[in-house]
Amino acid sequence: MLRAAQNVEVLKDINDFTTYSPVSVDRMSTLPPEVATEDATKQSFWMPGNYQRTVKRTEDAFQACNDIVVCFQERARVERQYAQQLSEWSNKWKPLVDSSPLYGSLLQAWQCFLSSADRLAALHSSVCRSLVSEDGDRVRTWQKETFHKKVFGGFKESQDFGTGFARAQKPWAKRLKKLDKARSAFHKVQRKEQTARDREVHAKGNPDVAIEKQRKIQEERELAQQETEKVRVRYEKVLEEVTRYAPRYMEEMECIFDQSQEEERKRISFLKQAFLSVHRHLDVTNNESVKAVYNELHNTLMAISEQDDLRWWKNTHGPGMPTDWPQFQEWTPEKKSKKGKKEKEVESQQGTIERSVMIGGVKVRALYDYDGQETDELSFKAGEEFLKTEDEDDQGWCRGMKDGGREGLYPANYVETV
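Residues numbered from 1 in each chain as written. Predicted model: local features only at pLDDT ≥ 70, side-chain atom pairs only at ≥ 80, totals over all residues. Heavy atoms only, no water.

Which parts of the structure should I look at to understand the pairing of strand S2 (residues 385–390)?
Both faces of the sheet carry side chains from a regular strand, because those side chains alternate between them. In this sheet, S2 lies alongside strand S1 (residues 362–366) in antiparallel orientation, the contact comprising four bridges. Note on S2: the bridge partner recorded for Arg365 is Glu385. The antiparallel hairpin formed by S2 and strand S3 (residues 397–401) contains six residues in its connecting segment, where Gly396 sits at a positive phi of about 85°. (Pairing = 2+ DSSP bridges. Helix = DSSP H or I, 4+ residues; strand = E, 2+ residues; numbered from the N terminus.)

Could you clarify how one ought to interpret the packing of aromatic side chains in this entry?
Aromatic ring pairs are reported here in terms of the distance separating the ring centres and the angle at which the planes meet. Enumeration over the complete set of coordinates arrives at 23 aromatic pairs. Note on Tyr370 and Trp397: the rings are 6.4 Å apart at their centroids and 70° apart in plane angle, and the pair reads as edge-to-face. With Tyr370 in the loop between S1 and S2 and Trp397 in strand S3, this residue pair connects regions lying 27 residues apart in the sequence. Take Tyr370: its relative accessible area is 11%, and that puts it in the buried class. On the basis of relative accessible area, Trp397 is assigned to the partly exposed category, the value being 24%. The structure contains a cluster of three or more aromatic residues connected by ring pairs, namely Phe45, Trp46, Tyr51, Phe165, Trp172, Tyr249 and Phe257. (Phe/Tyr/Trp six-rings, centres within 6.5 Å; stacked < 30°, edge-to-face > 60°. Buried < 20%, exposed > 50% of the residue type's maximum accessible area, 1.4 Å probe, protein only.)

What is the right way to read the nonpolar core from this model?
Soluble globular proteins: nonpolar side chains tend toward being buried together. Counting 24 residues, the largest nonpolar core has Trp46, Phe165, Trp172 and Met253 as the members making the most contacts within it. Among the elements of the structure, helix H7 (156–204) and helix H8 (211–282) are those that each provide at least two residues to this core. Broken down by element, the residue count for this core peaks at 10 residues, all from H8. Look past the residues within four positions of Met253 in its chain and what remains in contact with it is Phe45, Trp46, Tyr51, Phe165, Ala168 and Gln169. Judged by nonpolar contacts, the second largest core, of 18 residues, contains Ala61, Phe72, Ala76 and Phe270. (Core = buried A, V, L, I, M, F, W, Y, C linked by side-chain atoms within 4.5 Å. Contact = heavy atoms within 4.5 Å.)

Would you explain the sheet that holds S2 in this entry?
The strands making up a sheet associate through hydrogen bonds between their backbones, and the pairing can be parallel or antiparallel. The strand order across the open sheet built from five strands is S4-S3-S2-S1-S5, with neighbouring strands paired in antiparallel fashion. Among the strands making up the open sheet, the edge pair consists of strand S4 (407–411) and strand S5 (415–417). The average undirected angle you get between the axes of adjacent strands in this sheet is 45°. (Axes fitted to C-alpha atoms, helices over the stretch in contact; angles between N-to-C directions.)

Explain the side chain of Asp135 to me, please; I cannot follow it from the model alone.
Among the secondary structure elements, Asp135 is positioned in helix H6 (residues 104–146). Although Asp135 is buried, it forms no salt bridge, and the closest oppositely charged side chain is Arg138 at an N-O distance of 5.3 Å. Within the local environment of Asp135, its side chain forms a polar contact with the side chain of His281, the two groups lying 2.8 Å apart. Sequence-distant contacts of Asp135, defined by excluding residues within four places in its chain, comprise Ser130, Ser277, Val278 and His281. (Lys, Arg positive; Asp, Glu negative; His and termini not counted. Salt bridge = Lys/Arg side-chain N within 4 Å of Asp/Glu carboxyl O. Polar contact = N/O pair within 3.5 Å; in protein donor to acceptor, adjacent residues only side chain to side chain.)

Below, the structure written as structure tokens:
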């Protein structure tokens, strides 16, 4: 039933056939319905030369592969730039966050945002590499294996399909051309016959036309009618020949078309898998590494504890700090003892060693201005550099030494290591 329906459509195309002339879709949309239908018929696959659109799919697919590779190379650059921006953002804020006045679990939460950015930067860098080295190379390799270029341009696949379609359509095109010629001849004699009929009607209604003249006009009409019948017979004969050949033509064309469809099916299937691979690399929502980053960040944020932070502050900088409350102390006289020359040399050497350790401390730079409140505290300006000679104690104080030998205590969070 399907083939019978197709035959009906082909015969309709044949009856409406005129010389092939492509019409753009925009122009067709502005034409009257009957004209648009006729032009749509001319665009039919079965009309001469229209198989070229199917043949051209090979070149279009090759160009599409180039466009796909370039498209996702640009996306890879976006991923790389995003990774760089994440790293730059993290590096910029890391020293400021580490030296911020926040403390405890709140400080750890802020720092976790920066470490998460570093891990995400590494992830997006890997996405960039996958898009270029994996997905891009995969398409390029498949493209090279699937499309075989000819020496003088074009592709072997499109040439083979074009040759097959042309060979199948050649006898059909000849028959259509013959049919078009027969149809034109038939329409021509029909117009001639109609003209003769009109003259005959006019002559019969005109008393000024002689009887002999009317007889002659009648004979011309009869001759035109006979000629019309002869041409009609030839036209119908050619049409019958075309109709008989249509099934064979359709079978040969469909055979080539099915081969073309199979090649296109393989292309679509491969590109589908290529797109799915790109999607897998870009879909960070299902990436276990990303989930781990944000789960850790979420857990760190949920771990912020007001009670723990306030307790730490109380014990470190508040009433919870250990203090030696003033007590009554008896005066104890110092015991004086004479030291031998050898003991003095040992003490001198120990003092030199302690001094060298103190001078060889860690170099630090002041982040803020600080004015010492006690005589045993150091004062400095932001940007000033000096040595840290003792690490931070339980109360958050370090011991340092400035140029010139001035020593004293200072808040540990007012400086950074150089």
